[in-house]
Every structure is written in C-alpha cells, then in structure tokens.
Amino acid sequence: MTRIGLIGLVGLFFLGSAAQAQEAPRWSLAIHGGAGVIERANLSPEQDVAYRAALQQALDAGSAVLAQGGSALDAVQAAVQVMEDDPLFNAGRGAVFTAAGRNELDAAIMDGTNRAAGAVAGLTTIRHPVAAARAVMEKSPHVFLIGPGAEAFAAQQGLEQVDPAFFFTERRWRGLVDALTAKGLPIPERPQGAPPPPAVPMAANDPSAPPLNERKFGTVGAVALDSQGRLAAATSTGGTTAKQWGRVGDVPVIGAGTYASNADGCAVSATGDGEFYIRATVARDICARIASGATGRTAGQAEVEDAKSLGGLGGVIVMTTDGVPAFAMTTSGMYRGAVSSAVPSHVAIYADED
Ligand code: ASP
C-alpha cells in the first residue's frame, strides 16, 4: 500500500474486515501499545517477537472476559492491566521517567452505556492506574483525581500499592538520561530502590532493550464491544520522557485520549503527542463523526490527520457497534491487535501490516 517507514503516512487497517462477510461479531476487542517511529530496521527479531507476544497476552486477557459474557468495561481493564504490568510498554511498570526521575502515571476509563468516566493523573504508587480510574468512576462522585489525593483515594479503595521503584526499568532510565543529556538538563539521582546499574550494557537485541532510534509514544489502550452491545474504552500511560512541571497529556482527558458513547456508537483510545490530541479533542470528535454516519475507519483517519495538521503525530483504535475495529495512525507503526467472536486474534506493529 505505502512505503514502509514513511512518517506522516496515514495507515488504516480493518483487521476485522473478514468479519464483514461473516456474521456480525457478538463481542469484539482492539488494543494498542503505542504508536511512533517503529520500523522493521529498528526492531530486532527478538524484540518483534516479544512485542507480538505481549500484545497477544493482552488480547487473551480481554477476550477471556468477553467470551464468557463479561462486560466491555471489565475487558478493557483486563487488557490494559496486562500491558501496565509489562515493562515493554510505557504504562505502569516500564513507564517513562519525568525530568525529576520519577514515574508519574495517568489513566482513564469510560463506560459507553451511560458516559460514566474516571481518570487519574500523576500516580506514583498504584500498581494499576486503570483500576484507580475505574474506582474514581464507580466509587467517587468525581471524574478526575490527581496526585497525592488520587493515590490516597485509590489506597482507600484497597487498590494494590507498590513502592515507586516497582515501575523502574533500565531501558526507561537510559531513555531519560539520553533525553536530559540532549537537552542539557541535569540528570537526577537514580531512584531509591532501583537495581544497581548493569555492569555490562544491555545487548541491542535484548527484548527489554529499547528499539534502535526509539521515538515512540508507548501508551496502552483498549476498546471493546461486549455481547450485550455495551462499548467501553480505557487508556494508560507514563506520559512523555523527561516531562516537567506536573505535565499531563491527553490520556486521562476525557474526549481527548479516551472516550466511549453507546449513543454515538463508538469507543476510542488514542496514543500520540498528547498536547495536540487534547487540542484536537480527538476521541470525542471521532465519536461525533461516527454519530453523523462516518465509519470508524474514516472518522479515525480524519481525526489523526486533524491532530497532525496542528503538529501532533500518533494513532487511535476505534470500536463501533458493529464490532469491527478500526485503526488509524500518522506514524510508521503502532503496536496493536484485535480479536472478536467472529475473527481470530491478530497482532500488528508496522503501518503497512494488515
Ligand atoms: N499520549 C501520551 C501523552 O501525551 C503519550 C503516548 O501516547 O505515549 O501523555
């Protein structure tokens, strides 16, 4: 379709297109593990295999819920939690570091049936930020909690707490040191509780090493339709490397990085340059386009292009009430996958894969 690695390319995929010929899926799930400059030349075969296996695990966790008649909300949470625990992704364990050398985690979840939503930002000790977002939605009268207050609330709800060092990975620490060095900013002390620096540098093909020339966003997300026709979306991230001043991106901003509405017939999770995805109100606008008759595919394409016209790259996953997932991106790759009751699971990385 297009040349591999062409940045600015809009890649569109209908992983579920085969399903159209068959009966409509009773349930359906799509996930992403971040979009960005992801090219074959920069990913070792070991890394390629590791990412695909990690995506498959997340699909398995979400589809197990849906196949048993579980809810779209439980499915998106289950899929996202698997990726939050996986150090390959920039969410939960494996999140990028702030300029001060901390992991500050953001997440959101939304129930399409009633447009209930929950979001958290700046968490440092809650193992599964998406679970905290869900607790905000279901157990508080609020939508969005931040920082120490959000953590106190999550702890009160009995969510699993961890030492901040739980989120540490050598790969992300290296990424921070490189980013701060490039900007001429001071390097903070290695966090307390982090393992000692490795004596031997990580091999380039180590699955836990960063892909070469890594410039990717790495957020994780899931959208689902369940067998009762309910739509839901969830997204979780560490944000951007070397972020400062309490910066929060699009992920926990309802309507920017996360949105679901059965009334509109759509659920969206985004990954990309958060500042631009906020300004373009990407997720909400995709749903508005779908409500006006656009397909998930055309709505997703139009909105990632709109964010690009402002200067932001990234990608989205879109679920519609027909259970056909759509993927759109303005980057050379997006870790992604889909599965439904009608179409076997499939994962993809590069923009030209279908
Ligand atoms: N959108 C996220 C943010 O701006 C970054 C990402 O997608 O990885 O925080």
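Residues numbered from 1 in each chain as written. Predicted model: local features only at pLDDT ≥ 70, side-chain atom pairs only at ≥ 80, totals over all residues. Heavy atoms only, no water.

**Here we look at the environment of Ala-131**
Topologically, Ala-131 is positioned in helix H4 (residues 129–139). Classification of Ala-131 by relative accessible area gives buried; the value is 13%. Discounting chain neighbours no more than four positions away, the residues touching Ala-131 are Gln-77, Gln-81 and Leu-159. (Helix = DSSP H or I, 4+ residues; strand = E, 2+ residues; numbered from the N terminus. Buried < 20%, exposed > 50% of the residue type's maximum accessible area, 1.4 Å probe, protein only. Contact = heavy atoms within 4.5 Å.)

**So, the packing of aromatic side chains**
Each aromatic ring pair is specified by the distance between its two centres and by the angle formed by the two planes. Tallied over the entire structure, the rule returns six aromatic pairs. With a centroid separation of 6.0 Å and an interplanar angle of 35 degrees, the aromatic rings of Phe-168 and Trp-173 are classed as tilted. Here Trp-173 falls in the buried class, since its relative accessible area comes to 7%. Members of the aromatic cluster, connected to one another through ring pairs, are Tyr-51, Phe-89 and Tyr-335. Its end group placed over the ring of Phe-166, Arg-93 keeps NZ or CZ at 5.7 Å from the ring centre. (Phe/Tyr/Trp six-rings, centres within 6.5 Å; stacked < 30°, edge-to-face > 60°. Lys NZ or Arg CZ within 6 Å of the ring centre and 35° of its normal.)

**Notes on the state of the cysteines**
Scanning all chains against the criterion turns up one disulfide. Paired through a disulfide, Cys-266 and Cys-287 show a sulfur-sulfur distance of 2.1 Å. As the torsion about the S-S bond is roughly -70 degrees, the Cys-266-Cys-287 disulfide counts as left-handed. Taken together, the residues span a long stretch of sequence, with Cys-266 in strand E10 (residues 266–272) and Cys-287 in helix H8 (residues 282–291) at a distance of 21 residues. Each of the two residues, Cys-266 as well as Cys-287, counts as buried. (Disulfide = S-S within 2.5 Å.)

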